[in-house]
Amino acid sequence: VFPDYIGYGTSNDEAHPYLLKKASSRASLDMIRASVRYMTDTNVVFNSQLYISGYSQGGHTAMALAEEIETNHDDEFTLMGVAPMAGLYLLSAFGDEVLKSDATMSVPAFMGYLADAYAYSYDSLTLDEMIQDSKISAFDGLFGGENNVVAIHTKLQLPLGAPTNLLFKDSFISDYESSPSHKLRVIFGEN
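Here is a short report on the structure shown in this document. What you see is a predicted model; the values in this text were computed from it and never measured.

1. Remarks on the layout of surface pockets
Considered as a void within the structure, the largest pocket measures approximately 460 Å³ in volume. What lines the largest pocket is a set of 21 residues, and nearest its centre among them are Val1, Phe2, Pro3, Ile52 and Ser53. Listing elements by their share of the lining of the largest pocket, those giving two or more residues are α1 (21-41), β1 (49-55) and α2 (57-72). Looking at side-chain class alone, the lining of the largest pocket contains 14 nonpolar, 7 polar and no charged residues. Taken as a whole, the second largest pocket spans an internal volume of roughly 160 Å³. Lining the second largest pocket we find 14 residues, and of these Tyr8, Tyr113, Phe143, Asn147 and Ile152 sit closest to its centre. Looking at the lining of the second largest pocket, the elements that each hand over two or more residues are α4 (108-121) and α7 (149-156). Counting residues per element, the lining of the second largest pocket draws most heavily on α4, at 3 residues. When its residues are assigned to classes, the lining of the second largest pocket shows 10 nonpolar, 3 polar and 1 charged.

2. Remarks on the environment of Asn47
Locating Asn47 in the fold gives a position in the loop between α1 and β1. Between the C-alpha atom of Asn47 and that of Thr78, which follows or precedes it by 31 residues, the distance is 8.8 Å. Within the structure, the side chain of Asn47 is placed 2.9 Å from the backbone nitrogen of Gln49, a separation counted as a polar contact.

3. Brief notes about helix α8 (residues 170-178)
Along α8, the residues classified as buried are Phe172, Ile173 and Tyr176. Projected down its long axis, α8 shows its buried positions confined to an angular sector of 100°, all on one face. On the buried face of α8, the contacting elements are α3 (91-98), α5 (127-130) and α9 (183-190).

4. Notes on the packing of α8 against α9
In contact at an axis separation of 8 Å, α8 and α9 are set at 65° when each is read in the N-to-C sense. Our classification of the angle between α8 and α9 gives roughly perpendicular. Here Phe172, Tyr176 and Glu177 of α8 come into contact with α9, specifically with Leu184, Arg185 and Phe188. Class assignment of the residues belonging to the contact of α8 with α9 gives a composition of 4 nonpolar, no polar and 2 charged.

5. Quick look at the pairing of β1
Looking along a regular strand, one sees the side chains alternate between the two faces of the sheet. On β1, burial follows the alternation: Leu50, Ile52 and Gly54 on one face are buried, whereas Gln49, Tyr51, Ser53 and Tyr55 on the facing-out side are not. Pairing analysis gives 7 bridges linking β1 to strand β2 (residues 78-85), with the strands arranged parallel. When the bridges of β2 are listed, Ser53 appears paired with Ala83. Read from β1 through α2 to β2, the crossover connection turns out right-handed.

6. Side note on empty space enclosed by the protein
Counted according to the given criterion, the structure contains 1 cavity of 30 Å³ or more. In this structure, the largest cavity occupies an estimated 60 Å³ of space. Taken together, Leu99, Met111, Leu114, Ala115, Tyr118, Leu125, Met130, Phe168, Leu184 and Phe188 form the lining of the largest cavity. If you list the elements that add at least two residues to the lining of the largest cavity, you get α4 and α9. The dominant element in the lining of the largest cavity, judged by the number of residues it contributes, is α4, at 4 residues. Class assignment for the residues of the lining of the largest cavity results in 10 nonpolar, no polar and no charged.

7. Here's the deal with the side chain of Thr164
Positionally, Thr164 belongs in the loop between β4 (162-163) and α8. We classify Thr164 as buried; its relative accessible area is 0%.

8. Focus on the nonpolar core
In this structure, Leu99, Tyr118, Met130, Leu167, Phe168 and Leu184 are the most contacted members of the largest nonpolar core, which totals 38 residues. Those elements that place two or more of their residues in this core are α3, α4, α5, α7, α8 and α9. Ranked by residue count, the leading element in this core is α4, at 9 residues. Sequence-distant contacts of Met130, that is, excluding residues within four places in its chain, are made with Ala115, Ala119, Leu125, Leu167, Phe168, Lys169 and Phe172. Leu29, Met39, Ala62 and Phe77 belong to the second-largest nonpolar core, a separate cluster that totals 11 residues.

Rules and cut-offs
- Residues numbered from 1 in each chain as written.
- Predicted model: local features only at pLDDT ≥ 70, side-chain atom pairs only at ≥ 80, totals over all residues.
- Heavy atoms only, no water.
- 1 Å grid on protein atoms, 1.4 Å probe; cavity = no way out; pocket = protein on both sides within 12 Å on 5 of 7 lines; lining within 4 Å.
- Points joined across faces, edges and corners; volume = space filled by probe spheres on them.
- Helix = DSSP H or I, 4+ residues; strand = E, 2+ residues; numbered from the N terminus.
- Nonpolar A, V, L, I, M, F, W, Y, C, P; charged D, E, K, R; others polar.
- Polar contact = N/O pair within 3.5 Å; in protein donor to acceptor, adjacent residues only side chain to side chain.
- Buried < 20%, exposed > 50% of the residue type's maximum accessible area, 1.4 Å probe, protein only.
- Arc of directions from axis to C-beta.
- Contact = heavy atoms within 4.5 Å.
- Axes fitted to C-alpha atoms, helices over the stretch in contact; angles between N-to-C directions.
- Parallel < 35°, antiparallel > 145°, perpendicular 65-115°, else oblique.
- Pairing = 2+ DSSP bridges.
- Right-handed = clockwise from strand over helix to strand, strands pointing away.
- Core = buried A, V, L, I, M, F, W, Y, C linked by side-chain atoms within 4.5 Å.

In C-alpha cells, the structure reads:
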C-alpha cells in the first residue's frame, strides 16, 4: 500500500500537513483500511499482520502511523514490524539545531515548507511572526504542489546554505532560543 498524503493526488486542493504526525498517519491508516476492505470484498485473505516502512518524510510518517496503531488500533491490526528510515523523528532537537542565530539552512525550501504547514495547522503560530516581512508574500501558493524545490528556492530568493535569519525573523529565532516553552518547541514535541 502506497498512500498519497493529504495535499497530493485527489486531495491536491488541501494543504499538505508536512511533518504533522496526526494528519500524516490518518492518510496512511485510511489507505490501509481501504486496502483491507478491497481484499475482503474480493476474497483476498488478509491475516491482519502489518509491516510499515518509510523513508525521509515517509520515515516520520511510518513512526507516527506505528504509534497511532499501537495506541488506538491494536484491536484492528497486528503490527509486526516498523522500518522508519532517514526521517526527522525528534523535531525538537532539529529545531534547536536550525533555529539559532548562527545556523544555516542546507535546504531552505524545507524550512519554508515546515513553517507553512505548521502555521496553517496551528492557530497559535503564524507566518507573520516567524517569517521575514520581505519573504511573506512569496509564501502565497508556494507550497501548493505546483513548485519544485528549485522554484521554491528561486521564489524565496534563498540559496542552499542560506543563514536561517534570511527566512526567519531575528526576534522569532531569539525567542525560540531563549524560551524552553516556546510555542514552536511545544508543536515540535507534539510531532
